[in-house]
Amino acid sequence: MAADPPQLQSSTWIILLLTERRPEMKLEKAVGCLLALMQMAAMLTVTGAVPTPIPSGALLDARGCLIAQFKSLSPRELQAFKTAKDTFEESRLLKNWTCSSRLFPVTQDLRQLQVWERPVALEAELSLTLKVLKTMADSALGAVLEQPLDTLGHIHSKIQACIPAQPTVGPRSRGHLHRWLHRLQEAIKTESRSCLEASVMFNLFRLLTRDLKCVASGDQCV
């Protein structure tokens, strides 16, 4: 007896696998799935199309990491932050403030971290900034801080969606990120309120125009 053609043998095996792995799937449905797969394969063969891998950026977007829009803020948003900073500086002219350490060192640069670490560090900066500014909202600065707080809250929620759940880290990268986060955590415990307020205010534009832009640029920030 002549053997079945190779195509028929392959089709039979696929149907058997479908019905075996999915007992609830009826034979008619399994045959329908097979026909759809065969039709797709035929189209790819005719057109010469080759399936392409999904870019990493698309995978991030698929799980809610939509931050490319933050590469630059609108002039209106930046003006609101400038107004808040200027108002703060005017209010501090006759008040002394000192810090035992620099919360945001000049040499600190997100590019020192791996790409996946950067949203983690930025989220910590945003979290501290929001916490400090919210305490200031009850003061005379409340009116000028309303829009900046709304903008920062929105950015913070989007950055949180970009933080990896369980990333793989190396010793060096873990050290850089650990020191970054530890400095911010300790500042909340040890620094005075006036130090935190001044540090956060003077870091606003660096946070918005450099750090945020770097994270929003992904692996293009080098």
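Since this is a predicted model, take the numbers as computed values, not measurements.

Conventions we followed
Residues numbered from 1 in each chain as written. Predicted model: local features only at pLDDT ≥ 70, side-chain atom pairs only at ≥ 80, totals over all residues. Heavy atoms only, no water. Phe/Tyr/Trp six-rings, centres within 6.5 Å; stacked < 30°, edge-to-face > 60°. Helix = DSSP H or I, 4+ residues; strand = E, 2+ residues; numbered from the N terminus. Buried < 20%, exposed > 50% of the residue type's maximum accessible area, 1.4 Å probe, protein only. Bend = angle between axes of the 7 residues up to and from the residue. 1 Å grid on protein atoms, 1.4 Å probe; cavity = no way out; pocket = protein on both sides within 12 Å on 5 of 7 lines; lining within 4 Å. Points joined across faces, edges and corners; volume = space filled by probe spheres on them. Nonpolar A, V, L, I, M, F, W, Y, C, P; charged D, E, K, R; others polar. Contact = heavy atoms within 4.5 Å. Disulfide = S-S within 2.5 Å. Salt bridge = Lys/Arg side-chain N within 4 Å of Asp/Glu carboxyl O.

A. View of the packing of aromatic side chains. In the structure shown here, the tally under the stated rule is one aromatic pair. Pairing phenylalanine 88 with phenylalanine 202 gives two aromatic rings, centres 6.2 Å apart and planes at 70 degrees, and the pair type is edge-to-face. Of the two residues, phenylalanine 88 is situated in helix α4 (residues 75-91) and phenylalanine 202 in helix α8 (residues 193-217); the sequence distance between them amounts to 114 residues. Judged by relative accessible area, which is 1%, phenylalanine 88 ranks as buried.

B. Main features of α8. If you look at α8, its biggest bend is around 50 degrees, right at leucine 207. Judged by how many residues are buried, α8 sits mostly within the fold: 18 of 25 residues are covered. A positive backbone phi angle near 65 degrees is found at glycine 218, which sits one or two residues after α8.

C. Summary view of the layout of surface pockets. Taken as a whole, the second largest pocket spans an internal volume of roughly 210 Å³. Lining the second largest pocket, in full, are Trp97, Cys99, Ser101, Arg102, Leu103, Phe104, Ala198, Ser199, Phe202, Asn203 and Arg206. Taken together, the residues of the lining of the second largest pocket break down into six nonpolar, three polar and two charged.

D. Local environment of the environment of leucine 149. Residue placement: leucine 149 occurs in helix α6 (residues 142-160). The spacing of leucine 149 and phenylalanine 81 is 68 residues in sequence and 9.3 Å in space, taken between C-alpha atoms. With residues up to four places along the chain from it excluded, the contact list for leucine 149 reads Leu130, Leu133, Lys134 and Ala137.

E. Spotlight on the state of the cysteines. The full count for this structure, using the stated rule, is three disulfides. At a sulfur-sulfur separation of 2.0 Å, the disulfide partner of cysteine 99 is cysteine 195. Between cysteine 99 and cysteine 195, the disulfide has an S-S torsion of 115 degrees and is therefore right-handed. Of this pair, cysteine 99 sits in the loop between α4 and α5 (118-136) while cysteine 195 sits in helix α8, and the two are 96 residues apart along the sequence.

F. Representation of the pattern of salt bridges in the model. All chains considered together, the criterion is met by six salt bridges. In this structure, glutamate 186 engages lysine 189 in a salt bridge whose closest nitrogen and oxygen atoms are separated by 3.7 Å. Here glutamate 186 pairs with lysine 189, and both are found in helix α7 (residues 171-190), just three residues apart, close to one helical turn. For glutamate 186, a relative accessible area of 28% puts it in the partly exposed group.

None of this, on its own, says anything about what the molecule does.
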